[in-house]
Amino acid sequence: MKFKKRRILKITAAIGVLTCAGIILAFGFSGEIESVPVSSEIAISTQPMDSTENHGALRDSLEDFGMDLLGVPYVYAGTSREGFDCSGFVYYVFKNFDIEVPRSSSQFDNFGKEISIDSVKKGDILVFLSPTRNAIGHIGIVTTPNGMETEFIHASSSKEMQVTISSLKQPGYSKRFVKAISVLEN
């Protein structure tokens, strides 16, 4: 038993000597080992990130990406920078952020979480009736929330025939407005 204890002590001592030798070789031997300066400029936060803030940034990014498409022509069934229809535009914008939304405006009837028009935020979706029939037929993305004066970006098939910004206060949209939905958390 004493033999095993002595052997363990010798091995431990040898490891200690090798460790010291490694340190001396690593830092150079000048009689003393200098400490390595530590930067106080690096700070690590232990606080969780604010998901509301993250969603705010996502909402701003959705708006910015959509705004970059202003003026792209309206093209029936279009889903690219060559041209969009209303749902193709919304689909394209959200797809850029890996958010799945329906490709057809009629599919927004039962999609997302319905929210009050007074609580819409950037990036929420407005759903409208078709101008020619009593069924959902148009959608747009909120850019400036303001109740029934909310502004939204969309691919318009009316006189503009392009991606444009409109307002809910315009009679052509306020009369056809069905609901607002959110597909983003917060």
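Summary of the structure given here.

Procedures and definitions
- Residues numbered from 1 in each chain as written.
- Predicted model: local features only at pLDDT ≥ 70, side-chain atom pairs only at ≥ 80, totals over all residues.
- Heavy atoms only, no water.
- Helix = DSSP H or I, 4+ residues; strand = E, 2+ residues; numbered from the N terminus.
- Buried < 20%, exposed > 50% of the residue type's maximum accessible area, 1.4 Å probe, protein only.
- Contact = heavy atoms within 4.5 Å.
- Areas by Shrake-Rupley, 256 points an atom, 1.4 Å probe, with all protein chains shown as cover.
- Phe/Tyr/Trp six-rings, centres within 6.5 Å; stacked < 30°, edge-to-face > 60°.
- Pairing = 2+ DSSP bridges.
- Axes fitted to C-alpha atoms, helices over the stretch in contact; angles between N-to-C directions.

Glancing now at the overall build of the chain. The secondary structure content of the chain amounts to four helices and eight strands. When the 186 residues of the chain are sorted by exposure, 33% land in the buried category. Across the chain, every contact between residues at least 6 apart in sequence was considered, and the portion connecting residues at least 24 apart equals 51%. When the accessible surface of the chain is totalled, it reaches about 12200 Å², and 55% of it is carbon and sulfur.

In this section: the packing of aromatic side chains. Working definition: an aromatic ring pair is given by the centre-to-centre distance plus the angle between the planes. Scanning the model with the defined rule gives nine aromatic pairs in all. Their ring planes at 65 degrees and their centres at 5.5 Å tell us that F128 and Y173 sit as a pair that is edge-to-face. Here F128, found in strand 4 (residues 125–129), pairs with Y173, found in helix 4 (residues 171–174); they are 45 residues apart in sequence, far enough to count as distant. For the pair formed by F128 and Y173, the shared burial category is buried. Note on F152 and Y173: the rings are 5.2 Å apart at their centroids and 85 degrees apart in plane angle, and the pair reads as edge-to-face. Here F152, found in strand 6 (residues 151–155), pairs with Y173, found in helix 4; they are 21 residues apart in sequence, far enough to count as distant. Y173 carries the same exposure label as F152, and that label is buried. An aromatic cluster is present here, built from F65, F84, F89, Y92 and F97 joined pairwise through their rings.

Our focus in this paragraph is the pairing of strand 7 (residues 163–167). Most of strand 7 is tucked away: four of the five residues are buried. Judged from the five bridges that link them, strand 6 and strand 7 form a sheet pairing that is antiparallel. What sits directly across from F152, in strand 7, is S166.

Once that is clear, we can look at the sheet that holds strand 8 (residues 177–182). Within a sheet, each strand pairs with its neighbour through backbone hydrogen bonds, oriented either parallel or antiparallel. The sheet built from six strands is open, its strands ordered 3-8-4-5-6-7 with antiparallel pairing. Among the strands making up the open sheet, the edge pair consists of strand 3 (113–115) and strand 7. Taken pair by pair, the neighbouring strands of this sheet meet at an average axis angle of 40 degrees, ignoring direction. Here strand 3 pairs with strand 8 via three bridges, running antiparallel. Its bridge partner lying in strand 8, K113 is registered against S182. The sheet contacts of helix 3 (residues 86–95) involve strand 4, strand 5 (136–144), strand 6 and strand 7, and relative to strand 5 the element is tilted by about 45 degrees.

Below, the discussion takes up the pairing of strand 5. With seven of its nine residues buried, strand 5 lies for the most part within the structure. Sheet topology note: the strand 4/strand 5 ladder contains five bridges and is antiparallel. Looking at the pairing, I125 lines up with I141 of strand 5. If you look at the hairpin formed by strand 4 and strand 5, you'll find six residues sitting between the two strands. With three bridges connecting them, strand 5 and strand 6 associate as antiparallel partners. Residue pairing for strand 6: T144 is matched across the bridge by E151.

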